[in-house]
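Descriptive structure summary
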Amino acid sequence: MSAQDEAPRLDFIREIVAADQASGTHQGRVATRFPPEPNGYLHIGHAKSICLNFGVARDFGGTCNLRFDDTNPVTEDTEYVDSIQEDVQWLGFSWDDRLYYASDYFERLYECAVRLIRDDKAYVDSLTADDIREYRGTLKDPGRESPYRSRPIAENLELFARMRAGEFPDGAHVLRAKIDMASPNITMRDPILYRVRRAHHHRTGDAWCLYPMYDYAHPLSDAFEQITHSLCTLEFEDHRPLYDWLIANVTGLPGRPRQIEFARLNLTYTVMSKRKLLQLVEDGHVHGWDDPRMPTLSGLRRRGFTAEAIRRFCDEIGVAKRENVIDVGLLEFCVREDLNARSPRAMAVLRPLKVVIENYPEGQTEDFEVASHPDNAALGTRHVPFGRELFIERDDFLEDPPKKFFRLAPGREVRLRGAYLVTCREVIKDAGGQILELRCTYDPLTRGGDAPDGRKVKATLHWVSAAHAVDAEVRLYDRLFTHEMPGSGQADFLTQLNPNALEVLTGCKLEPSLAAPAAGARFQFERLGYFCADQDGAASRPVFNRTVTLRDNRATLPG
RNA sequence: UGGGGCGUCGCCAAGCGGUAAGGCGCGGGUCUUUGGAACCCGUAUUCGAAGGUUCGAAUCCUUCCGCCCCAACCA
């Protein structure tokens, strides 16, 4: 095996970076940045970008900056800048001391604009917004030059200064790059660089009433930070000529960044646009940005996802330019795999059905020491009490079981995990025929769950001692939408919300070791799935969120 | 008949002229005190289509077809 045989396959971006590094472009330096706009919470799509940007920096011995693209004060807020920092750190990445804000560059950006004006490469346009749109032309028809395009440099300089000084109302003037109104690329038809906006900025306050546009601020910010590879999503592909134009035409820039575009992440059964997520929060369809139904990092975290699982997911999906929709099943696979390895097991009965062991001595209690993980002794053991009265899962019993059902049924023997083999002797019902409880007998010789005579039992059930059970609330989560691609076609995504995405169960019975979990503590509830203690839980009454169910191979499930 | 992208298995994704990696999913099996986990097999004669170049094409050329993005003083 040669080294090449083992070389990791690089995505197209890492190939470019590797080639640049090998050829000495940027003196072999690699610098990326993650540039969120603080106008919403980060979601799993951002995780892809974070893993890419920080990952490329890590793989090539470079750096990755965190930069807030805060050029539009009307939609941005410090609540978002705080949550974004928390989420990036939680995901496991560090920007060290390289935390930047586009707003920190406002003065510098302004100076660059003045330089462009002096070089006759930008002008103040006084057309109305409507007229600017009108003059811009259409996809097929070229635009027309604004009558203000030929304004003398001196006049542009004076007007631009007065725009900054606050002498004009919003919308009165804009600064535009002087490029080409006939360009087939609409982005190049004298793009707007600055607009007058009397808005309070979350960081600069009222210092400015003139704010730069993304298309202008972004490439220059990249250059200021000497970013080498500026990674963004596909919709900015058309903007790259403008990016390059600015890098080439603004004099005195310290860096020559290169923009490379990749396809954003789409996931089935959810939405990823910040606009739609905001709407879900504001209209109360979910309980907040960190609602465990949300694809936000804070939602996934509260749901019980680990950062490792999300990073693994981002590795699995790859990076390319092809539009993609990832099956949410892959995300679930990644959490299960991670949680399976690390989660201590415990028993919890979600929908309790009482079981009385008739031949078990009244008042007796036993204590079983049970391993917390079947394949990892390092996770230790816990003590699980057993008694005459127990709870089992209601759907682990069927009075008239179909062929494939091999759990408890009248006359049938099953194992209670870690305890005994029990046989169902009698079904107690109320007047309406509702099953109230089961009468069973146990075989004292099967203590621990093994039958000395070697007889086999088809099923093992989880259970909780009634006398020791801890009552809990358990929140069952499912996919947020009923459609694979919400909002596709004519559909209004809100009409495709899954009404059963959250099911709240109360009166769930937990084994005592689960009585007072730390918020965020994760367990596998045996045979049910992975659960995470929610912050809403109190010491006396824990609340658990179901992260994901266990994989279930049962061909057909009755009822 | 404006411009920019993209089309390899159900979903992702390698492949970079030498004879279709891998993951998820799916099907089958072994094992099992979680119908979990683990393990083992199987799952594209074919790369959007058609022509062409070549000893040889998913990779090169031509044409065609399909999908996505762009006409915010949003990012």
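**Examining the overall build of chain A**
Broken down by element type, chain A carries 13 helices and 25 strands. Buried positions account for 52% of the 559 residues belonging to chain A. Restricting to contacts in chain A with at least 6 residues of sequence separation, those with at least 24 account for 70%. Side chains of chain A carry 72 positive and 85 negative charges; the gap between the two charge centres is 3 Å.

**Let's talk about the side chain of Asp 443**
Looking at where Asp 443 falls in the secondary structure, it is placed in the loop between strand E18 (435-442) and strand E19 (460-461). Once residues lying within four places of it in the same chain are set aside, the contact partners of Asp 443 are Tyr 420, Leu 421 and Arg 455.

**Quick word on the packing of helix H8 (residues 214-224) against helix H9 (residues 240-249)**
Packed helices, taken two at a time, are described by the angle their axes make and the gap between the axes. Axis separation between H8 and H9 bottoms out at 9 Å; the angle between their running directions is 55°. Between H8 and H9, the angle falls in the class oblique. Two packed elements cross with a definite hand, and for H8 against H9 that hand is right-handed. On H9, the residues that touch Asp 215, Tyr 216, His 218, Pro 219, Leu 220, Asp 222 and Ala 223 of H8 are Leu 242, Tyr 243, Leu 246 and Ile 247. Classifying every residue of the contact of H8 with H9 gives eight nonpolar, one polar and two charged.

**Some points on the domain arrangement of chain A**
One frequent convention defines the size of an interface as the accessible area lost when the parts assemble. In terms of domain boundaries, chain A breaks down into domain 1 (12-262) and domain 2 (346-469). The distance between the C-alpha centroids of domain 1 and domain 2 comes to 64 Å.

**A short note on the environment of Arg 264**
Locating Arg 264 in the fold gives a position in the loop between strand E9 (258-262) and helix H10 (274-282). Residue classification places Arg 264 among the partly exposed residues on the basis of a relative accessible area of 39%. A polar side-chain atom of Arg 264 sits 2.8 Å from a polar atom in the side chain of Glu 235.

**Digging into the sheet that holds strand E25 (residues 543-549)**
Adjacent strands of a sheet form backbone hydrogen bonds with each other and so pair up, either parallel or antiparallel. The sheet built from seven strands is open, its strands ordered E10-E23-E24-E25-E21-E22-E11 with mixed pairing. With partners counted over all chains shown, the strands left at the sheet margins are strand E10 (345-346) and strand E11 (348-349), one partner each. Alignment of strand E24 (residues 529-533) against E25, held across five bridges, turns out to be antiparallel. In the sheet register, Phe 531 faces E25, and the bridge partner there is Arg 546.

**Quick notes on the pairing of strand E8 (residues 229-233)**
Within E8, five of the five residues are buried, leaving the element largely enclosed by the surrounding structure. Here E8 runs beside E9; their pairing, made up of five bridges, is parallel. Bridged to His 229 within E9 is Arg 258. Running through H9, the crossover from E8 to the neighbouring parallel element E9 is right-handed.

**Examining the pattern of salt bridges**
On inspection of all chains with the given rule, the structure shows 53 salt bridges. Of the charged contacts, one joins Glu 362 and Arg 388 as a salt bridge, the two residues approaching to 3.5 Å between their closest N and O atoms. With Glu 362 in the loop between strand E12 (352-357) and strand E13 (365-371) and Arg 388 in the loop between strand E14 (381-387) and strand E15 (389-393), this pair connects stretches of sequence that are 26 residues apart. On the accessibility criterion, Glu 362 (65% relative accessible area) is exposed. Accessibility expressed as a relative area gives 17% for Arg 388, which makes it buried. Each of Asp 290, Arg 302, Glu 473, Arg 475, Asp 534, Asp 536 and Arg 541 takes part in a single network of salt bridges with overlapping partners.

The rules behind the values
- Residues numbered from 1 in each chain as written.
- Chains lettered and ligands numbered in written order.
- Predicted model: local features only at pLDDT ≥ 70, side-chain atom pairs only at ≥ 80, totals over all residues.
- Heavy atoms only, no water.
- Helix = DSSP H or I, 4+ residues; strand = E, 2+ residues; numbered from the N terminus.
- Buried < 20%, exposed > 50% of the residue type's maximum accessible area, 1.4 Å probe, protein only.
- Contact = heavy atoms within 4.5 Å.
- Lys, Arg positive; Asp, Glu negative; His and termini not counted.
- Charge placed at Lys NZ, Arg CZ, Asp CG, Glu CD.
- Axes fitted to C-alpha atoms, helices over the stretch in contact; angles between N-to-C directions.
- Parallel < 35°, antiparallel > 145°, perpendicular 65-115°, else oblique.
- Left-handed = near helix turned anticlockwise from the far one by under 90°.
- Nonpolar A, V, L, I, M, F, W, Y, C, P; charged D, E, K, R; others polar.
- Domains from an automatic or database assignment.
- Polar contact = N/O pair within 3.5 Å; in protein donor to acceptor, adjacent residues only side chain to side chain.
- Pairing = 2+ DSSP bridges.
- Right-handed = clockwise from strand over helix to strand, strands pointing away.
- Salt bridge = Lys/Arg side-chain N within 4 Å of Asp/Glu carboxyl O.

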